Amino acid sequence: MTAVRTRGSLRRRLLLQLLLVAAILSVALYFTVRALAQQAAETTQDNILIASATAISEAVRAERGQILVDVPYSALSMLGSIAEERVFYRITADDLTVTGYDDLPVPSATIDAGNPVFATAIYRGDEVRIAALPRRLTVADETVILTVLVAQTRLGLAAVSLQISIAAAAAGIGFFVLSGALSWFATNNAMRPLNRLAQSVARRGPQDLSPVETSAPTELVPLLQSLNTFMGRLSASLARTEDFIAEAAHHVRTPLATVRTQSEIAMRSVRKPENKQILREVIRAADESSRSAGQLLDHAMVALRSDNLEKERLHVRELAQDVIRSISPTADLKDIRITCSGSDTIGSVEGDPILLQNALRNLLDNAVKYSPEDSIIKVEILQSGSTVRVDVIDEGRGLGDGDRQHLTERFGRGNNVRDIIGSGLGLTIVEEVMRAHGGTLKLSDNPEKRGTCASISLPLA
Amino acid sequence: MRVHILTVGLIAWCCALITTASAFVAEEERLFEVENRTATLNILSTGDLNIFAPLIEAYQARNPGIEVRYVTASSSELMKALFEENAEFDIAMSSAMDLQTKLVNDGFALRHVSAETSTLPDWAKWRDRLFAFTQEPAVLAFSKSSFQGLPTPTNRDELIALLRENPDRFNGKVGTYDIRESGAGYLFATQDSRQSESLWRMAEVMGRLNAQLYCCSSQMIQDVADGRLALAYNVLGSYAAAHLPDNPDLDVLQFNDFTTVMLRTVLIPKTTQDVDLSGQFIDFLVSGSNRQLIEELTGLPAIDPGVLQREAAFRPIRLGPGLLVYLDQLKRRTFIRAWLNAMVQP
């Protein structure tokens with residue numbers, strides 16, 4: 001299987017982008033809240049200052065050429081009612097101070113009768129907000145601009161600003177944390193269909209090529225459709241290949257049978273020993289070819305059946321004895337004796353009887369083929385732990401020194417058996433049957449003498 | 001009814017009560033010496049030395065090694081010393097709430113926050129710079145014999161009615177502060193005018209009865225005790241109470257419509273040499289556990305945070321920028337002229 005290169009994570013990307021948006025919004029929230037609240041606090045102070053200045057301005061009048069001021073108590077006391085701020089005031093007529101703090105600065109903005117002007121300045125060591133309210137006043141037939149200045153320190157405002165900033169920061173952080181949590185949930189939620197699809201595809205067996213039938217969100221439907229189409233094509237292609245092999249094997253076997261029959265007939269009529277020998281070779285080659293074709297068929301069948309195992313409870317010993325019986329005639333030709341040992345208490349396994357018989361037959365076939373004449377093949381059935389193991393032990397030429405892994409590959413054959421005809425499919429079939437049943441095939445040397453021990457293990461039912 | 005007569009046109013505003021340019025005039029000065037002196041606390045006060053000496057000694061008993069220089073001056077001289085001359089004092093103690101407020105407002109006082117100052121009610125401190133340690137109501141001092149046969153008035157309207165109905169009995173026998181000379185008298189009168197219009201009716205009635213005007217509480221109370229006056233309006237209750245044991249004919253009453261309460265306040269001048277020492281002395285004065293002691297030693301009523309719940313008529317003069325209004329030169333002139341017009345009738 002080729003490795004898939006990972007590049008980034010959809011979930012991380014989505015989460016990071018959502019968090020980034022949340023962070024930007026939080027910062028914006030912080031500045032907005034702070035600016036608005038500060039503006040509100042400043043407006044409140046300005047309003048009180050202008051109310052105070054208005055109250056004083058209304059208490060100014062001119063009489064007999066003189067300016068009279070009766071500063072109302074409330075005009076200054078109202079400034080003390082909100083916060084304990086320092087308060088300054090000044091009343092000027094044109095450029096002359098009528099009363100109040102005569103060094104209180106007049107805002108530099110144009111003084112225009114009727115329009116209040118605000119300014120912030122440092123006065124007597126503290127930052128003050130100054131409201132200036134100008135109006136026209138006629139004194140002895142002359143019009144002067146009378147300006148009432150009321151100023152208040154902003155120490156309380158600074159404290160309020162700090163509080164507001166802290167509150168705004170808390171709100172921003174709270175908003176970010178909340179959005180972060182929501183982003184996390186949203187991301188997980190959005191990724192769930194994708195994860196579900198990935199899991200349902202991953203859960204499928206290696207041979208399962210049926211269409212994925214999970215419901216999926218709109219965005220995933222094209223992917224799912226493509227996947228299903230692809231799997232359909234793959235499945236059809238596989239089926240075609242198996243069919244082709246089966247067909248081909250069949251077509252090869254039929255003429256081979258004819259060749260064999262004709263050769264046997266011919267053998268009876270020829271006299272010369274060398275001719276007989278040639279015909280014997282022809283028969284043997286036809287047999288081997290037929291067997292190879294049969295194995296090709298078997299292989300195709302195994303590949304097909306392992307997609308849909310027809311499992312039933314089986315006694316391994318009975319199964320083995322059936323196979324031994326069927327193979328005995330061939331063994332007898334070489335004077336090979338097959339023994340079967342195993343206790344009655346061995347548990348049963350679950351599996352497809354045809355496939356398991358096929359696997360065992362291949363093992364025994366191999367053993368017979370590579371065993372010398374007049375030798376013994378031992379079939380030992382034993383239970384170890386939760387598995388049932390079948391050892392097929394022969395006295396043949398053994399496995400040789402090559403790569404043993406290679407033996408179970410398709411058409412792989414040992415490098416010490418070049419002289420014997422074989423398809424190289426037998427062990428492959430065994431291996432595939434074992435894989436379909438959750439079992440294993442293990443090849444080792446005969447522990448007692450020359451020869452091979454082939455073991456298959458199947459889980460107990 | 002508020003009367004506006006006239007004010008001058010354009011006057012550079014400086015300070016209400018400061019007119020002369022010479023150095024401030026102290027009345028009394030006493031050094032409370034100690035052995036093993038570690039520090040000296042300079043107090044500038046409007047409070048009489050004989051009233052505050054026991055309190056100073058109690059403070060020294062608790063804080064050994066601290067020498068105290070106690071200088072008394074009138075409230076206007078105190079203002080002059082701090083406002084104009086930057087005289088070096090560690091504590092300024094005054095009954096002139098308006099001037100004290102102005103010192104704080106104009107930046108002549110230092111901030112002080114402590115566990116002790118937090119025990120003060122809100123109405124007894126301002127900006128953590130001005131702290132009240134006594135609450136002294138303005139009362140009516142009267143001679144019992146002069147009111148014989150008459151009901152004792154319980155509020156100002158009743159007093160006005162009594163005075164109107166008995167001009168012969170009270171003619172020339174009514175006394176009050178001359179608000180041109182007395183800072184306390186001016187403060188009480190302006191506060192009266194805020195509370196009720198009855199001030200102006202009172203002034204008119206008193207004027208018609210040829211009211212006697214006094215600069216100070218003590219002479220006025222003495223004259224009531226001696227029978228020269230039938231009553232004295234708006235005298236400091238704490239001073240009158242001091243005369244009660246020796247003068248059986250003298251009595252005081254608090255009106256139940258409202259009673260103006262003057263607060264004696266302390267602040268730390270910015271010229272202080274030892275702000276921690278100043279703070280320590282303020283804590284001594286305002287501490288909740290020392291209130292009993294202050295009353296016993298000075299005879300002055302200490303701050304009672306719960307007084308407003310019990311005394312519905314109590315109106316402590318509110319510390320804050322409102323007090324600056326009556327320091328305004330134009331305002332002061334207008335007010336005094338209106339008052340004089342009512343009080344001094346041709």
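Residues numbered from 1 in each chain as written. Chains lettered and ligands numbered in written order. Predicted model: local features only at pLDDT ≥ 70, side-chain atom pairs only at ≥ 80, totals over all residues. Heavy atoms only, no water.

## Quick look at the domain arrangement of chain A
Thought 1: By domain assignment, chain A separates into domain 1 (13–162), domain 2 (209–308) and domain 3 (310–461).
Thought 2: Averaged C-alpha coordinates put domain 1 of chain A and domain 3 of chain A at centres separated by 104 Å. (Domains from an automatic or database assignment.)

## Quick notes on the interface of chain B and chain A
Thought 1: In this assembly, 32 residues from chain B lie in contact with 31 residues from chain A.
Thought 2: Buried area between chain B and chain A, both sides added, is near 2,800 Å², and the carbon and sulfur share of it is 49%.
Thought 3: Applying the counting criterion to the chain B and chain A interface returns 2 salt bridges.
Thought 4: Between Asp106 of chain B and Arg124 of chain A there is a salt bridge whose closest N-O contact spans 3.6 Å.
Thought 5: Our count for the contact surface shared by chain B and chain A stands at 13 residue pairs in polar contact (both at pLDDT 80 or more).
Thought 6: Of all the elements in the fold, those that place two or more residues in the side of chain B that touches chain A are helix 3 (97–105), strand 6 (125–126), helix 13 (322–325) and helix 14 (329–343) of chain B.
Thought 7: Here the side of chain B that touches chain A is built from residues that sort into 15 nonpolar, 7 polar and 10 charged. (Contact = heavy atoms within 4.5 Å. Buried area = accessible area lost by both parts, 1.4 Å probe. Salt bridge = Lys/Arg side-chain N within 4 Å of Asp/Glu carboxyl O. Polar contact = N/O pair within 3.5 Å; in protein donor to acceptor, adjacent residues only side chain to side chain. Helix = DSSP H or I, 4+ residues; strand = E, 2+ residues; numbered from the N terminus. Nonpolar A, V, L, I, M, F, W, Y, C, P; charged D, E, K, R; others polar.)

## Remarks on the environment of Pro167 of chain B
Residue and element names in this part refer to chain B.
Thought 1: With respect to the element layout, Pro167 can be found in helix 5 (residues 167–170).
Thought 2: According to the relative accessible area criterion, Pro167 is partly exposed, its value standing at 38%.
Thought 3: With 94 residues separating them along the chain, Pro167 and Ala73 place their C-alpha atoms 39 Å apart. (Buried < 20%, exposed > 50% of the residue type's maximum accessible area, 1.4 Å probe, protein only.)

## Considerations on the packing of aromatic side chains
Thought 1: In the structure shown here, the tally under the stated rule is 20 aromatic pairs over all chains.
Thought 2: Each ring, one from Phe83 of chain B and one from Phe108 of chain B, has its centre 4.7 Å from the other, and the planes form 35°; the classification is tilted. With Phe83 of chain B in helix 2 (residues 75–84) and Phe108 of chain B in the loop between helix 3 and strand 5 (109–110), this residue pair connects regions lying 25 residues apart in the sequence. The same class applies to Phe83 of chain B as to Phe108 of chain B, namely buried.
Thought 3: Joined through ring pairs, the aromatic side chains of Tyr73 of chain A together with Tyr186, Trp200, Tyr326 and Phe335 of chain B make up one cluster.
Thought 4: The residue whose ring lies beneath Arg127 of chain B is Trp126 of chain B, and the NZ or CZ to ring-centre distance is 5.9 Å.
Thought 5: Sitting above the plane of the Tyr186 of chain B ring, Arg332 of chain B keeps its charged end 4.6 Å from the centroid. (Phe/Tyr/Trp six-rings, centres within 6.5 Å; stacked < 30°, edge-to-face > 60°. Lys NZ or Arg CZ within 6 Å of the ring centre and 35° of its normal.)

## Some points on the pattern of salt bridges
Thought 1: Summed over all chains, the structure comprises 26 salt bridges over all chains.
Thought 2: Asp226 of chain B is paired through a salt bridge with Arg228 of chain B; the nearest N and O atoms lie 3.1 Å apart.
Thought 3: Several salt bridges share partner residues, and in doing so they unite Asp103 and Arg124 of chain A together with Lys102 and Asp106 of chain B into one network.

## A closer look at the pairing of strand 8 (residues 174–177) of chain B
All names here are of chain B.
Thought 1: Examined bridge by bridge, strand 8 and strand 10 (residues 231–236) share 2 bridges and lie parallel to one another. Its bridge partner being in strand 10, Gly175 is matched across the sheet by Ala232.
Thought 2: The pairing of strand 8 with strand 9 (residues 212–214) spans 3 bridges and is parallel. Bridging across to strand 9, Gly175 finds its partner in Gln212. (Pairing = 2+ DSSP bridges.)

## Focus: the domain arrangement of chain B
When the parts of a complex come together, some accessible area is lost, and that lost area is often taken as the interface size.
All names here are of chain B.
Thought 1: Structurally, chain B comprises domain 1 (28–135 + 263–317) and domain 2 (137–260 + 330–343).
Thought 2: Placing the centre of domain 1 and that of domain 2 at their C-alpha centroids yields a distance of 28 Å.
Thought 3: Contact with domain 1, which involves 14 residues of that partner, is made by 13 residues of domain 2.
Thought 4: At the boundary of domain 1 with domain 2, total buried surface from both sides reaches about 1,100 Å², with 62% on carbon and sulfur atoms.
Thought 5: Counting the contacts that link domain 1 with domain 2 gives 0 salt bridges.
Thought 6: Counting every contact that joins domain 1 to domain 2 gives 4 residue pairs in polar contact (both at pLDDT 80 or more).
Thought 7: Within the residue set of the side of domain 1 that touches domain 2, elements represented by two or more residues are helix 3 and strand 13 (314–316).
Thought 8: When the residues that make up the side of domain 1 that touches domain 2 are grouped by side-chain class, the tally is 7 nonpolar, 3 polar and 4 charged.

## Side note on the state of the cysteines
Residues and elements named next belong to chain A.
Thought 1: All chains considered together, the criterion is met by 1 disulfide over all chains.
Thought 2: Free cysteine Cys340: the closest other cysteine sulfur is in Cys453, separated by 14 Å.
Thought 3: Taking the relative accessible area as the measure of exposure, Cys453 reaches 6% and is therefore buried. (Disulfide = S-S within 2.5 Å.)

## Description of the sheet that holds strand 3 (residues 87–93) of chain A
All names here are of chain A.
Thought 1: An order of 4-3-7-6-5 is seen for the 5 strands of this open sheet, with the pairing classed as antiparallel. The two strands at the open ends of the sheet, each matched to only one other strand, are strand 4 (96–100) and strand 5 (117–123). Here the average twist between neighbouring strands, direction ignored, is 30°.
Thought 2: The pairing of strand 6 (residues 126–139) with strand 7 (residues 142–153) spans 12 bridges and is classified as antiparallel. In the strand pairing of strand 7, Arg129 is matched with Gln152. (Axes fitted to C-alpha atoms, helices over the stretch in contact; angles between N-to-C directions.)

## Observations concerning the packing of helix 6 (residues 316–333) of chain A against helix 7 (residues 353–370) of chain A
Residue and element names in this part refer to chain A.
Thought 1: Following both chains from N to C, one finds helix 6 and helix 7 inclined at 40°, their axes separated by 9 Å at the closest point. Compared by their axis directions, helix 6 and helix 7 come out oblique. In the crossing of helix 6 with helix 7, the sense of the turn from one axis to the other is right-handed. Contact residues: helix 6 offers Leu319, Ala320, Asp322, Val323, Ile324, Ser326, Ile327 and Ala331, while helix 7 offers Pro353, Leu356, Gln357, Leu360, Arg361, Leu364, Asp365 and Val368. (Parallel < 35°, antiparallel > 145°, perpendicular 65-115°, else oblique. Left-handed = near helix turned anticlockwise from the far one by under 90°.)

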